[in-house]
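Structure at a glance
One letter stands for each residue in the lines below.
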Amino acid sequence: MKILYFAHVAKTLGRREDEVSFSAPVTAEALWEKLLTLRPALGQYRATIHLARNSEYAGPQDQFADGDEVALIPPVSGG
Amino acid sequence: MWSEILFMEAPLPSPPSPPEAMHGVAGAWAEFHGYVRADEHGQKISALRYDIYEPMARKQLAAHIEELAKTHGLVAVRFWHRSGLVRVGEASVYAAVAAPHRKEAFAALGELMNRLKKDVPIWKAEILPE
């Protein structure tokens, strides 16, 4: 599963993507658990980040599986 | 409905004439040009750096445009946004809509810009003067 980082989150982590793997589809909670273990600095942003799965905002019931592209979306500021 | 969504690193060119799709159908073509100011939240800046998750931004914008077309009867929409470094005084965004009448055109254009700032994955970061 490809994880994408943007804006100040990418700057803090010093990277724009990660690759993680699961043996079966997981909830957002389980995904976050793995991401926070891998990148503890994400903790400060978690409350403001929305997850997107394959270019669409994920709902609370969505599951995430290998092969998905998951983006961490902090508050937007286009225009 | 005709639409064009473009993201570009180079300065935005002068927009071309309204698209053929509106000819004879729409009576209003409303445009918005957004520029980078030297002052961002009370801080002097030299530029903004835009980061865009392009596939999702395109999808979100297309969905918003589709909805606005239904509610305001839009005939055509052109939307351009800069990515990367945009210096003070340069344009960061250009949006234009065609509708039967000016009331719908102005309303839809304002709503499109509001929606852009709500959930379209585009971010800006301030670059301070050296």
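Rules of the game
Residues numbered from 1 in each chain as written. Chains lettered and ligands numbered in written order. Predicted model: local features only at pLDDT ≥ 70, side-chain atom pairs only at ≥ 80, totals over all residues. Helix = DSSP H or I, 4+ residues; strand = E, 2+ residues; numbered from the N terminus. Rg over C-alpha atoms; globule rule 2.2 N^0.38 Å. Buried ≥ 20, exposed ≤ 12 C-beta atoms within 10 Å, placed from the backbone. Contact = placed C-beta atoms within 7 Å. pLDDT = per-residue confidence, 0-100. Pairing = 2+ DSSP bridges. Axes fitted to C-alpha atoms, helices over the stretch in contact; angles between N-to-C directions.

**Focus on the overall build of chain A**
- What chain A contains, in helices and strands, is two helices and five strands.
- Put simply, chain A runs from its N terminus to its C terminus through helices and strands in the order β-α-β-α-β-β-β.
- Taken over the C-alpha trace, chain A has a radius of gyration of 12 Å; the compact-globule value for 79 residues is 12 Å, and the two agree within 12%.
- Projected onto the principal axes, the alpha-carbon positions of chain A cover approximately 35 × 25 × 20 Å.
- Here chain A, with 79 residues, has 19% of them falling under the buried criterion.
- Here the analysis covers contacts within chain A between residues at least 6 apart in sequence; of these, 51% occur between residues at least 24 apart.

**Here's the deal with the environment of Ala52(A)**
- Within the element layout of this structure, Ala52(A) appears in strand β3 (residues 50–53).
- For the pair Ala52(A) and Val70(A), spaced 18 residues apart in the sequence, the C-alpha separation amounts to 5.5 Å.
- Those residues in contact with Ala52(A) that lie beyond four places of it in its chain are Tyr57(A), Ala58(A), Val70(A), Ala71(A), Ile73(A) and Met56(B).

**Re the confidence of the model for chain B**
- Per-residue confidence for chain B gives a mean pLDDT of 97; residues scoring 70 or more make up 100%.
- Taken over the whole predicted complex, pTM reads 0.96, whereas the ipTM for its chain interfaces reads 0.96.

**A short note on the sheet that holds strand β8 (residues 91–99) of chain B**
Residues and elements named next belong to chain B.
- As summarised here, the arrangement of the four strands in space is β1-β6-β8-β2, forming an open sheet in which the pairing is mixed. The open sheet has two free edges, formed respectively by β1 (2–8) and β2 (28–35), since each of these has just one partner strand. Ignoring strand direction, the axes of neighbouring strands in this sheet form an average angle of 5°.
- Sitting on the sheet, helix α1 (residues 54–72) is in contact with β1, β6 (76–82) and β8, with an inclination near 150° to β1.
- The strands touched by helix α2 (residues 102–119) are β2 and β8; relative to β8, the strand with the most contacts, the crossing angle is about 145°.

**Regarding the environment of Val75(B)**
Residue and element names in this part refer to chain B.
- Note that Val-75 resides in the loop between α1 and β6.
- With 26 C-beta atoms counted inside 10 Å, the residue Val-75 sits in the buried group.
- In the structure, Val-75 is positioned 25 residues away from Tyr-50 in sequence and 29 Å away in space, judged by C-alpha atoms.
- Non-local contacts of Val-75, meaning those with residues more than four positions away in its chain, are made with Met-1, Ala-21, Met-22, Val-25, Ala-26, Ala-98 and Ala-99.

**Quick look at the pairing of β6(B)**
Residue and element names in this part refer to chain B.
- The element β6 is largely enclosed, with a buried count of six among its seven residues.
- Where β1 and β6 come together, seven bridges link them in parallel fashion. Within β6, the position partnered with Trp-2 by the bridge is Ala-76.
- For β6 and β8, the ladder comprises six bridges, and the chain directions are antiparallel. The residue bridging Ala-76 from the neighbouring strand is Ala-98, located in β8.

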